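# Coordinate inspection notes
Listed here are the chains, written in short residue letters.
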Amino acid sequence: MQNRKKMKDLPAASANDEAAMPGEQAGQGLDKLLTTEEVAEWLGIRKCTLEKARSTRIGDFPPFIKVGRSIRYRRGDVERWLDRHAYEVDGSRAFPAAA
């Protein structure tokens, strides 16, 4: 059985670099499929929040894909979703970051 590390212990891959997760070749880090549990832990939210968002389609949450009966999230999709929700703070006002 393979020993798996938690998401918070793994290096983050971004669209600007080709840092791969352990066991992956460079350039494949963004395409890694993540489980609901992994994404929830990464975002610091509960698994049921993502599940409810998928079933009700209410709210703005990362896009997901269905592989057979399983739900997966592409790491790159979650990274881009996070980038769209980033804010830059200038003094006391917050502005959406330029895309």
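All of the points below concern the structure found in this document. (Residues numbered from 1 in each chain as written. Predicted model: local features only at pLDDT ≥ 70, side-chain atom pairs only at ≥ 80, totals over all residues. Heavy atoms only, no water.)

As a packed pair, helix α1 (residues 36-43) and helix α2 (residues 47-56) sit with axes 8 Å apart at the nearest point and diverge in direction by 115°. Considering how the two elements wind past one another, α1 and α2 form a crossing that is right-handed. Each of T36, E37, V39 and A40 in α1 lies in contact with α2, whose residues at this interface are K47, L50, E51 and R54. Among the residues making up the contact of α1 with α2, the classes are represented as three nonpolar, one polar and four charged. (Axes fitted to C-alpha atoms, helices over the stretch in contact; angles between N-to-C directions. Helix = DSSP H or I, 4+ residues; strand = E, 2+ residues; numbered from the N terminus. Left-handed = near helix turned anticlockwise from the far one by under 90°. Contact = heavy atoms within 4.5 Å. Nonpolar A, V, L, I, M, F, W, Y, C, P; charged D, E, K, R; others polar.)

Once that is clear, we can look at the pattern of salt bridges. Applying the stated criterion across every chain yields a total of four salt bridges. Notably, a salt bridge pairs D77 with R74, separated by 3.4 Å at the nearest N-O pair. Taking relative accessible area as the criterion, D77 reaches 14% and is therefore assigned buried. One network of salt bridges, in which partners are shared, links E37, K47 and E51. (Salt bridge = Lys/Arg side-chain N within 4 Å of Asp/Glu carboxyl O. Buried < 20%, exposed > 50% of the residue type's maximum accessible area, 1.4 Å probe, protein only.)

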